[in-house]
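# Topology and contacts: notes
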Amino acid sequence: MNQDGLKKQAAEKAAEFVQDNMTIGLGTGSTVYYLVEAIAKRIQREHLKLTGVATSMRTHRQAESLGIHMVDLDSAGPIDLTIDGADEIDTNFQGIKGGGAAHLIEKIVAINSARNIWIVDSSKLVKTLGAFPLPIEVIPFGSARLVKSLAFEGLNPKFRLGEDGKRALTDSKNFIVDLHMEKISHPHLLASWLNKQVGIVEHGLFLDLVNTVVVGTENGTKVLDAHRG
Ligand code: 5RP
């Protein structure tokens, strides 16, 4: 099966975790695209009453077009479950997100959720994080200086460009800078350092956040429990 097939497999399995009357956080990306379709099908088939909170304009538009009742985070009650994709997940269930430039809103929704499930194809499981460039969302003002200082620290930063060749803008109208570090040996240390840098709105290290990972593999879907509260 190709990578898309494995993503779809994981998404469809994760849609089974959704229960009637839940408020669900909906992530962003190509795997979540299949999830939103699968949830919309369940709503039609089983007449589920669900409320969705999206992590991007893209997901909001898709979910609404398929008839999912969507509200924004501040109008929503407690979020029972958020299901999202990921770019890399290590053996300790720590992750990198933000390949789709949505990690700021994704993290806000995730930390406000009682439970977080990630859906990935098996290529996203890694021993050590960092082969996937770590995205950081930065305020445009002074961003070139910030990038220089990140380069000085050896983090190999590169502005992410859009299809038009200009710096890509997030839903919050910030830039994305990708840190090409190859290997992140101490994710917690890096996260706390990045948290202190003025101008960085949020980084894509999602640490100690996920409860369950649903993986699409050639041998079927695997549900991995991170044993977190
Ligand atoms: C968006 C994300 C996505 O969840 C991540 O990039 C995975 O995307 P895909 O499911 O398309 O592989 O973090 O900011």
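Cut-offs applied
- Residues numbered from 1 in each chain as written.
- Predicted model: local features only at pLDDT ≥ 70, side-chain atom pairs only at ≥ 80, totals over all residues.
- Heavy atoms only, no water.
- Helix = DSSP H or I, 4+ residues; strand = E, 2+ residues; numbered from the N terminus.
- Rg over C-alpha atoms; globule rule 2.2 N^0.38 Å.
- Buried < 20%, exposed > 50% of the residue type's maximum accessible area, 1.4 Å probe, protein only.
- Contact = heavy atoms within 4.5 Å.
- Areas by Shrake-Rupley, 256 points an atom, 1.4 Å probe, with all protein chains shown as cover.
- Lys, Arg positive; Asp, Glu negative; His and termini not counted.
- Salt bridge = Lys/Arg side-chain N within 4 Å of Asp/Glu carboxyl O.
- Polar contact = N/O pair within 3.5 Å; in protein donor to acceptor, adjacent residues only side chain to side chain.
- Phe/Tyr/Trp six-rings, centres within 6.5 Å; stacked < 30°, edge-to-face > 60°.
- Lys NZ or Arg CZ within 6 Å of the ring centre and 35° of its normal.

Before going further, it helps to examine the overall build of the protein chain. Broken down by element type, the protein chain carries six helices and 13 strands. Relative to the 2.2 N^0.38 estimate, which gives 17 Å for 229 residues, the radius of gyration of the protein chain is 17 Å and therefore close to what a compact globule would have. Across its three principal axes, the protein chain shows a C-alpha extent of roughly 55 × 35 × 35 Å. Considering the protein chain as a whole, with its 229 residues, one finds that 52% of them fall into the buried category. In the protein chain, the share of contacts with a sequence separation of at least 24, taken over all contacts with a separation of at least 6, comes to 72%. Surface summary for the protein chain: the accessible area is close to 11,300 Å², and the carbon and sulfur share equals 52%.

This part covers the side chain of D87. Mapping D87 onto the fold places it in the loop between β3 (81-84) and β4 (88-89). One buried charged side chain, D87, makes no salt bridge at all; its nearest oppositely charged neighbour is K124, positioned 4.7 Å away. Only 2.8 Å separates the side chain of D87 from the backbone nitrogen of G99, close enough to count as a polar contact. With residues up to four places along the chain from it excluded, the contact list for D87 reads I96, K97, G98, G99, K124 and F132.

Tallying each qualifying case throughout the model produces three aromatic pairs. Relative to Y34, the ring of Y33 has its centre 6.2 Å away and its plane inclined at 80 degrees; by these criteria the two rings are edge-to-face. Looking at Y33, the relative accessible area reads 43%, which means it is partly exposed. Across the ring face of F206, the terminal group of K107 is positioned such that the distance to the ring centre comes to 5.0 Å. One residue, R167, lies across the ring of F175, its end atom 5.6 Å from the ring centre.

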